[in-house]
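What follows is each chain in one-letter form.
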Amino acid sequence: MFKMFLLIVLAIGTLILIIRFLSKTSFLHILLNKYRSFEDWFHVYQSYKIPQYNENNNLQENLLHGKVSTYLNSLASLEDSQFTNLFTGSKCNDIILNLDANQTVVDTFLGARVYWTNGVKELTMRFRKKDKRRILRPYLQHVLSVAEENESKQREIRLHFNLYDNGRCCWRSIPFTHPATMDSVVLDGDVKNKVKSDLELFLKSKQYYNKLGRVWKRSYLLYGPSGTGKSSFVAAMARFLCYDVYDIDLSTVSDVSDLKLLLLQTKSKSLILVEGIDKFLLSSEKSTAAGMLNLMDGVTSCCGEERVLVFTMNGKDRIGDGDGDYQTAMMRPGRIDVKVEFPLCDFSTFKNLAGNYLGVKDHKLFGQVEEGFQNGSSLSPAQIGELLISNRTSPTRAFKSVITALQQHQPNKQVDKVGAKSSDNGSGQPMDDGLLCRESVHTVREFRKLYGLFKGSRRKEEPPLDLSSIEKSGSRHDQT
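Rules and cut-offs
Residues numbered from 1 in each chain as written. Predicted model: local features only at pLDDT ≥ 70, side-chain atom pairs only at ≥ 80, totals over all residues. Heavy atoms only, no water. Salt bridge = Lys/Arg side-chain N within 4 Å of Asp/Glu carboxyl O. Buried < 20%, exposed > 50% of the residue type's maximum accessible area, 1.4 Å probe, protein only. Pairing = 2+ DSSP bridges. Helix = DSSP H or I, 4+ residues; strand = E, 2+ residues; numbered from the N terminus. Axes fitted to C-alpha atoms, helices over the stretch in contact; angles between N-to-C directions. Contact = heavy atoms within 4.5 Å. Parallel < 35°, antiparallel > 145°, perpendicular 65-115°, else oblique. Left-handed = near helix turned anticlockwise from the far one by under 90°.

**A short note on the pattern of salt bridges**
Moving on, step 1. Under the counting rule described, the total for this entry stands at five salt bridges.
Moving on, step 2. Of the charged contacts, one joins R134 and D131 as a salt bridge, the two residues approaching to 3.2 Å between their closest N and O atoms.
Moving on, step 3. Judged by relative accessible area, D131 falls into the buried class, the value being 9%.

Below you can see the structure in the form of structure tokens.
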């Protein structure tokens, strides 16, 4: 009796050791998979394919494919797949799991197992046919709701750019990390608020546009000299709307067909950007230029909703030539809804820049800066921003450099003593905007003395000599 009890204890102990050993290996997992494969032989399965593009035309992406991909990447069972891709998210500490090609992940819903396989440009869903009527529609609704919830939580704006791949135009994308916001961009407060109000109203106007029978889109024209902040304002618009940006590079577009193909591949809730449209219209053939204008309000522009089109140019009056006035055609009602001008910097814009860059709301040198603007000087916000950044450790030095730059850009006026004293940026380095160095100042003084000796008594009768061109040439000679 005792021997029998001892044998039982030894058998149980051995069994426990074997189970513990197998639990540390993949044997149980392999055994479970073999059992499920054996069980599958006695069931009929129903399969559904979800292609990446609608109707196999490789033009418009199937939105359901994107929703299902988002859902599958959130499944905990994704970690059990044999091959899983790991990517970094929008933050460096975020890790995103992505199902590898030709791999299968298992999901459960209402007690039924659903198998998903990631194929080439398609996803395949498979489950037992007896569960079809019970879970198909509820399960798809569950997938869509979870995907939308995850997208809202992990919404990431992306920048799409066009290129040629295998002989056709296509889009590639990267995360959009531009930090500009509506609060940080420098623009007239009233103009900025009007644009924000217009965008907010557009977001709420889906039913209104449908009632009118119009496409739910809005087009903006941003025009002004280079360096006035048009591109930064586009980035701020995208962040305000939380829209992806599709930046169309017109230099890679050969004809109207490429433009149509690119537009058809864009998604809803997107901002479509065309920079430098004035140069494109003037340098392109008539057919291509006319095709671009037709895309603004033609039939192709109707393939998608909730889109914002933004066009930029350096001057609204630059579009036009001897053969045809593209400005009139582009400004036709229905093509451009809102026009926003980005002028050169004035004193109010300068104060905004000083507050943003240096945190200074008022300064004793503001009066001289305002006087410089009143005298007709013109600088772009980008030029002033560079001066403020390079002298950000000393607001006084920064504002003196701005005063000197304004004096240099005054029409038909030479640099005074303040400009000569401020011929550096405070760091011992000469300014790059054409200020006079000491040697050039001495050369001009000597020239004045010689000029006085030759002209003598006629000095009062003749108008004074304009030395601005001579000073500039002397400065350039010394710099070389």
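**Some remarks on the sheet that holds strand β13 (residues 338-341)**
Moving on, step 1. Read from one edge to the other, the open sheet built from seven strands follows the order β8-β7-β10-β11-β12-β9-β13, with strand pairing classed as mixed. Only two strands of the sheet have a single neighbouring strand rather than two, namely β8 (168-175) and β13. On average, adjacent strands in this sheet sit at an angle of 25 degrees to one another, irrespective of strand direction.
Moving on, step 2. The pairing of strand β9 (residues 217-223) with strand β12 (residues 307-313) spans seven bridges and is classified as parallel. The residue of β12 that forms the bridge with K217 is R307.
Moving on, step 3. Seen against the sheet, helix α5 (residues 189-203) touches β9, β12 and β13 and runs at an angle of roughly 160 degrees to β9.
Moving on, step 4. Together, β9, β10 (244-247), β11 (270-274) and β12 form the strand contacts of helix α7 (residues 230-241), whose direction differs from that of β12 by roughly 170 degrees.

**Observations regarding the packing of helix α13 (residues 366-374) against helix α15 (residues 395-408)**
Moving on, step 1. It is at 9 Å that the axes of α13 and α15 come closest, and there the two elements cross at 20 degrees. Relative to α15, α13 is oriented roughly parallel. Regarding α13 and α15, the two cross each other, and that crossing is left-handed. Residues F366, Q368, V369, G372 and F373 of α13 form the contact with α15, whose own contacting residues are F399, V402, I403 and L406.

**Looking at unusual backbone geometry**
Leaving glycine aside, a negative phi is the common case for residues, and trans is the common case for peptide bonds.
Moving on, step 1. Phi angles above zero are rare outside glycine, and C242 is one such case at about 60 degrees.
Moving on, step 2. When you line up the elements, C242 lands in the loop between α7 and β10.
Moving on, step 3. Residue classification places C242 among the partly exposed positions, given a relative accessible area of 32%.
Moving on, step 4. At K269, a residue that is not glycine, the phi angle is positive and equals roughly 55 degrees.
Moving on, step 5. Relative accessible area serves as the criterion here: at 45%, K269 is assigned to the partly exposed category.

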